[in-house]
Amino acid sequence: MYKPNNMILQTTTSLIAFILLGFAVYLLFAGHNSPGGGFVGGLMTSGAILLLNMAYGMNTVRKMLPINFTMLIPIGLLIAVGTGVGSFIFNVPFLSQTFGYFTFPIFGEVELATAMLFDFGVYFTVVGVVMTIILTIAEDQ
């Protein structure tokens with residue numbers, strides 16, 4: 001069986017996947033103040049993992065990232081719904097958000113918002129759904 005030489009794809013994928021994952025984290029953390037958030041960050045992360053799958057193969061990526069993407073879906077949904085239900089504890093409308101400024105030793109003053117928790121839930125859900133769909137289609141060869 002003929003096996004193509006994927007050296008160029010694998011070499012560039014290492015750099016491109018690192019950049020994609022870094023940008024995905026930026027989008028995730030910037031989402032509650034500017035465009036971006038959990039959905040776009042999840043799509044970027046899924047794109048990076050898909051690129052790794054194409055370059056190195058599913059078995060290698062499963063060894064590098066031993067994540068059950070199907071389990072990310074309920075985890076993300078629980079986090080997202082939990083942030084909405086949490087607003088009832090403080091007697092405010094569903095999915096209300098608040099923020100505060102906190103001082104950390106290395107980072108200095110940092111704004112923390114409850115919308116960030118919702119973005120994490122959306123992020124996990126999107127990564128779980130997209131990767132489950134892509135890997136299911138890829139395994140049906």
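Structure: see above.
Throughout what follows, the structure given in this document is the object of discussion. No experiment lies behind these values; they were computed from the predicted model shown.

Thresholds applied
Residues numbered from 1 in each chain as written. Predicted model: local features only at pLDDT ≥ 70, side-chain atom pairs only at ≥ 80, totals over all residues. Heavy atoms only, no water. Helix = DSSP H or I, 4+ residues; strand = E, 2+ residues; numbered from the N terminus. Contact = heavy atoms within 4.5 Å. Buried < 20%, exposed > 50% of the residue type's maximum accessible area, 1.4 Å probe, protein only. Expected span 1.5 Å × (residues − 1). Core = buried A, V, L, I, M, F, W, Y, C linked by side-chain atoms within 4.5 Å. Polar contact = N/O pair within 3.5 Å; in protein donor to acceptor, adjacent residues only side chain to side chain. Phe/Tyr/Trp six-rings, centres within 6.5 Å; stacked < 30°, edge-to-face > 60°. Bend = angle between axes of the 7 residues up to and from the residue.

### Re the environment of Gly 31
Inference 1: In this structure, Gly 31 sits in the loop between α1 (7–30) and α2 (38–56).
Inference 2: Taking the C-alpha atoms as reference points, Gly 31 and Asp 119, separated by 88 residues in sequence, lie 7.5 Å from one another.
Inference 3: Gly 31 has contacts with Gly 36, Gly 37 and Asp 119, leaving out every residue within four places of it along the chain.

### Remarks on the side chain of Ser 46
Inference 1: With respect to the secondary-structure elements, Ser 46 resides in helix α2.
Inference 2: Under the relative-accessibility criterion, Ser 46 is labelled buried at 2%.
Inference 3: Among all residues touching Ser 46, those that are not within four sequence positions of it are Val 126, Val 127, Val 130 and Met 131.

### Some thoughts on α2
Inference 1: Helix length check: α2 (19 residues) gives 26 Å between terminal C-alpha atoms against 27 Å at 1.5 Å per residue, within 8%.
Inference 2: On its buried face, α2 is in contact with α1, α3 (58–64), α4 (69–89) and α5 (114–139).
Inference 3: Immediately downstream of α2, the backbone of Gly 57 shows phi near 95°, a positive value.

### Digging into the nonpolar core
Inference 1: Listed in full, the twelve residues of the largest apolar core are Ala 17, Leu 28, Ile 49, Leu 52, Val 61, Phe 69, Leu 72, Met 116, Tyr 123, Val 127, Met 131 and Leu 135.
Inference 2: Those elements giving two or more residues to this core turn out to be α1, α2, α4 and α5.
Inference 3: Residue contributions to this core peak at five residues, all from α5.
Inference 4: Beyond its immediate sequence surroundings of up to four residues, Leu 52 is in contact with Thr 13, Ala 17, Gly 57, Val 61 and Met 64.

### Looking at the environment of Ser 46
Inference 1: When the C-alpha positions of Ser 46 and Met 64 are compared, they lie 15 Å apart, and in sequence the two are 18 residues distant.
Inference 2: Among the polar contacts made by the side chain of Ser 46, one reaches the main-chain carbonyl oxygen of Gly 42 at a distance of 2.9 Å.

### So, the packing of aromatic side chains
Inference 1: Per the counting criterion, the structure on display carries six aromatic pairs.
Inference 2: Both rings, one in Phe 99 and one in Tyr 101, keep their centres 6.0 Å apart while their planes meet at 90°; by these two values the pair is edge-to-face.
Inference 3: Owing to a relative accessible area of 52%, Tyr 101 belongs among the exposed residues under this scheme.
Inference 4: On the numbers, 6.5 Å between centres and 25° between planes, the contact of Phe 120 with Phe 124 is stacked.

### A short note on α4
Inference 1: The first and last C-alpha atoms of α4 sit 31 Å apart over 21 residues, in line with the 30 Å expected at 1.5 Å per residue.
Inference 2: Maximal helix bending in α4 amounts to about 25°, located at Thr 83.
Inference 3: The complete set of buried residues in α4 reads Phe 69, Leu 72, Gly 76, Ala 80, Thr 83, Gly 84 and Ser 87.
Inference 4: Residues of α4 that are buried in the fold lie against α2 and α5.
Inference 5: Just beyond α4, the residue with positive phi is Asn 91, at close to 55°.

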